[in-house]
Amino acid sequence: LILSPKPAFRVILSRGMDAGSPKTDSIKLQAVWDGLDNAAKARMEKYAELIFHYRDVARLTAMKTVDQVREVLVKESLALMPPLQAGSGDVADFGSGSGIPGIPLAIALPGTQFVLYERSARKAGFLLIAIGALGIGNVAVVQSDPLRMNPPLQHQRLVTRASVTPNRLSEIAAKMLIYGGEMLGFLSEAMAQRFGAELPTGLRLIELRGYTGVSRSGFVYRLKWEAAAK
């Protein structure tokens, strides 16, 4: 995921955009962080330390400091929190890796159930360690490729950190979402400008918002899946 340092928050309304009045205002990550209670913040800090501690053993990240992990991985995950709060239902994290964005969102939204999908046994092991160490009760881990599961487990909402093409998003949604389910993720500014126009039939863009953090900025999207499951 490549994010420009200070993108201009422009949104091009296209055939893929909801015809109503979708939210396009910028999300301030510091404001989202400040809205968390002290217990959630303490878990976030501990989680950043866990990622850094296990970064080489589980091949989690190349970041060199705990501060980088906290600001770039943990806090940026919270950019999906406002869009998630606009919907309801369980949440799947596709290709969770080190637990980004699923674990920070699960900490911030303790009343929501999360399922983290990760193919790597090493990374899935880390996820179980982190969940136990943080005392999180609303998260399950599935060590599998969810696109190869037969029958697939389908969810009401899905989040992902991965930067993938609109056609790939459609493939993921077809396997993992119920009809009317939602998918949320991250975009660079360049991708955001053409994103809605490139969405295939079945995916409708209902929210596209910029976010600003301490050192980086980017965009988040919220899609609705409106095609029958395959």
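Just above, that's the structure.
Quick caveat, the model's predicted, so the values are computed rather than measured.

Draft legend 1. Structural detail: the overall build of the chain. A count of helices and strands for the chain gives eight helices and eight strands. Across the 230 residues of the chain, 55% fall into the buried class. Long-range contacts, defined as pairs at least 24 residues apart, comprise 71% of the intrachain contacts of the chain with a sequence gap of at least 6. Carbon and sulfur atoms make up 52% of the accessible area of the chain, which amounts to about 10,200 Å² in all.

Draft legend 2. View of the packing of helix H2 (residues 38–53) against helix H6 (residues 121–134). Between H2 and H6, the shortest axis-to-axis distance is 10 Å and the interhelical angle comes to 150°. Handedness of the H2/H6 crossing: right-handed. Seen from H2, the contacting residues are Arg 43, Lys 46, Tyr 47, Leu 50 and Ile 51; seen from H6, they are Phe 126, Ala 130, Ala 133 and Leu 134. For the contact of H2 with H6, the per-class residue count stands at seven nonpolar, no polar and two charged.

Draft legend 3. Focus on helix H3 (residues 66–77). Relative to the 16 Å expected for twelve residues at 1.5 Å per residue, H3 spans 16 Å between its end C-alpha atoms, a close match to the ideal helical length. Along H3, the residues classified as buried are Val 69, Arg 70, Glu 71, Val 72, Leu 73, Val 74, Lys 75, Glu 76 and Ser 77. Tucked inside the fold, the buried residues of H3 contact helix H1 (29–34), H2, helix H4 (81–85), helix H5 (102–108), strand E6 (177–187) and strand E7 (203–212).

Draft legend 4. Quick look at the packing of aromatic side chains. All chains considered together, the criterion is met by three aromatic pairs. When the ring of Tyr 54 is compared with that of Phe 126, the centres are 5.6 Å apart and the planes differ by 55°; the resulting orientation is tilted. Placement of the pair is Tyr 54 in the loop between H2 and H3 and Phe 126 in helix H6, with a sequence separation of 72 residues. Using a relative accessible area of 2% as the deciding quantity, one classes Phe 126 as buried. Consider the rings of Phe 186 and Tyr 211, whose centres lie 6.0 Å apart with planes at 85°: the pair is edge-to-face. Here Phe 186, found in strand E6, pairs with Tyr 211, found in strand E7; they are 25 residues apart in sequence, far enough to count as distant. Assigned by exposure class, Phe 186 and Tyr 211 land together as buried. Across from the ring centre of Trp 33, 4.5 Å away, lies the NZ or CZ of Lys 75, which sits over that ring.

Draft legend 5. View of the packing of H2 against H3. At a minimum axis separation of 9 Å, H2 and H3 run at an interaxial angle of 115°. Here H2 lies roughly perpendicular to H3, going by the angle between them. Crossing hand, H2 versus H3: right-handed. Here Met 44, Glu 45, Tyr 47, Ala 48, Glu 49, Ile 51 and Phe 52 of H2 lie close against H3, whose contacting residues are Val 66, Val 69, Arg 70, Leu 73 and Val 74. Among the residues forming the contact of H2 with H3, the class breakdown is nine nonpolar, no polar and three charged.

Draft legend 6. Inspection of the pairing of E7 at higher detail. Judged by how many residues are buried, E7 sits mostly within the fold: nine of ten residues are covered. Relative to strand E8 (residues 217–225), E7 runs antiparallel, the two being bridged by nine bridges. Bridged to Glu 207 within E8 is Arg 222. Between E7 and E8, which follow one another and run antiparallel, lie four residues.

Draft legend 7. Geometry of the sheet that holds strand E1 (residues 27–28). Strand order in this open sheet of eight strands is E1-E7-E8-E6-E5-E2-E3-E4, and the pairing throughout is mixed. At either end of the open sheet lies a strand with only one pairing partner, and these are E1 and strand E4 (139–142). Pairing geometry for strand E3 (residues 114–117) and E4, over four bridges, is parallel. Residue pairing for E4: Tyr 117 is matched across the bridge by Val 142.

Rules used throughout
- Residues numbered from 1 in each chain as written.
- Predicted model: local features only at pLDDT ≥ 70, side-chain atom pairs only at ≥ 80, totals over all residues.
- Heavy atoms only, no water.
- Helix = DSSP H or I, 4+ residues; strand = E, 2+ residues; numbered from the N terminus.
- Buried < 20%, exposed > 50% of the residue type's maximum accessible area, 1.4 Å probe, protein only.
- Contact = heavy atoms within 4.5 Å.
- Areas by Shrake-Rupley, 256 points an atom, 1.4 Å probe, with all protein chains shown as cover.
- Axes fitted to C-alpha atoms, helices over the stretch in contact; angles between N-to-C directions.
- Left-handed = near helix turned anticlockwise from the far one by under 90°.
- Nonpolar A, V, L, I, M, F, W, Y, C, P; charged D, E, K, R; others polar.
- Expected span 1.5 Å × (residues − 1).
- Phe/Tyr/Trp six-rings, centres within 6.5 Å; stacked < 30°, edge-to-face > 60°.
- Lys NZ or Arg CZ within 6 Å of the ring centre and 35° of its normal.
- Parallel < 35°, antiparallel > 145°, perpendicular 65-115°, else oblique.
- Pairing = 2+ DSSP bridges.

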